[in-house]
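Single-letter residue listing:
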Amino acid sequence: MTNITLEVNGTTKVLEVEPRRLLADVLRHEFGFSGVHIGCAHGACGCCTVHIDGVPRLSCLTFAVQCEGKAIQTVEGLGGPNAEHALQQAFKSEHGLQCGYCTPGFIMTLAPFVGEMAAQKRMPDEDEIREAMSGNVCRCTGYHGIVAAVRKAIGDQLAEGGK
Ligand code: FES
Ligand code: FES
């Protein structure tokens, strides 16, 4: 067993773990962040995406011990019912989800992209949006609502920046 210290959604967490334990399992089962969804468990679907030091990563392919001293953010840390991220609002308004199983992964993958586009003050074309989400799989929506949600979130941020 190994002791690790992580910062998860802004809170320091200390845990004794087996070196083989996956970050996805630790976040869900030890810390209770059930927004970390496990789909394929081998890096193919993107459901388990979280931010490690601000970068989207697949938590099903990451050992918890690799994250010693790092800052982890799950979808619960990005926003919630009382303070939704622009993408969370847009997924609702643009029908970017149906069953919702893939949704946390898409949001964690796309949040930095939305932020980057807003910082560049530009709206990406559809090919760029689809490229940005190409590592995530959704079995329900046909992706149109997700593309619309990304556009809406960026558009809202550009409008806010213009005020
Ligand atoms: S569960 Fe991690 S990529 Fe599918
Ligand atoms: S909304 Fe069901 S898998 Fe994407």
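Residues numbered from 1 in each chain as written. Chains lettered and ligands numbered in written order. Predicted model: local features only at pLDDT ≥ 70, side-chain atom pairs only at ≥ 80, totals over all residues. Heavy atoms only, no water.

## So, helix H1 (residues 23–30)
For H1, the complete set of buried residues consists of Leu23, Ala24, Val26 and Leu27. In this fold, the buried residues of H1 make contact with strand E1 (2–8), strand E2 (11–17), strand E3 (49–52) and strand E5 (71–73). Phi turns positive, to about 80 degrees, at Gly32, one or two residues after H1. (Buried < 20%, exposed > 50% of the residue type's maximum accessible area, 1.4 Å probe, protein only. Helix = DSSP H or I, 4+ residues; strand = E, 2+ residues; numbered from the N terminus. Contact = heavy atoms within 4.5 Å.)

## Section: the pairing of strand E4 (residues 55–58)
Bridge count between E3 and E4: four bridges; the pairing is antiparallel. For Thr49, the partnering residue across the bridge sits in E4 and is Leu58. Between E3 and the antiparallel strand that follows it, E4, lie two residues; Asp53 among them carries a positive phi value of about 50 degrees. (Pairing = 2+ DSSP bridges.)

## Points about the side chain of Thr109
Secondary-structure assignment places Thr109 in helix H4 (residues 103–120). Polar contacts involving the side chain of Thr109 include one to the side chain of Asn136, which spans 3.0 Å. Excluding residues within four positions of it along the chain, Thr109 makes contact with Thr49, Pro56, Ala132 and Asn136. (Polar contact = N/O pair within 3.5 Å; in protein donor to acceptor, adjacent residues only side chain to side chain.)

## Points about the packing of helix H3 (residues 86–93) against H4
Between H3 and H4, the least distance of the axes is 9 Å, while the angle of their chain directions is 125 degrees. Put simply, H3 runs oblique to H4. Of the two possible hands of crossing, H3 and H4 adopt the one that is right-handed. Listed contacts from H4 to Leu87, Gln88 and Phe91 of H3 are Thr103, Phe106, Ile107, Leu110, Ala111 and Val114. Within the contact of H3 with H4, the residues separate by chemical class into seven nonpolar, two polar and no charged. (Axes fitted to C-alpha atoms, helices over the stretch in contact; angles between N-to-C directions. Parallel < 35°, antiparallel > 145°, perpendicular 65-115°, else oblique. Left-handed = near helix turned anticlockwise from the far one by under 90°. Nonpolar A, V, L, I, M, F, W, Y, C, P; charged D, E, K, R; others polar.)

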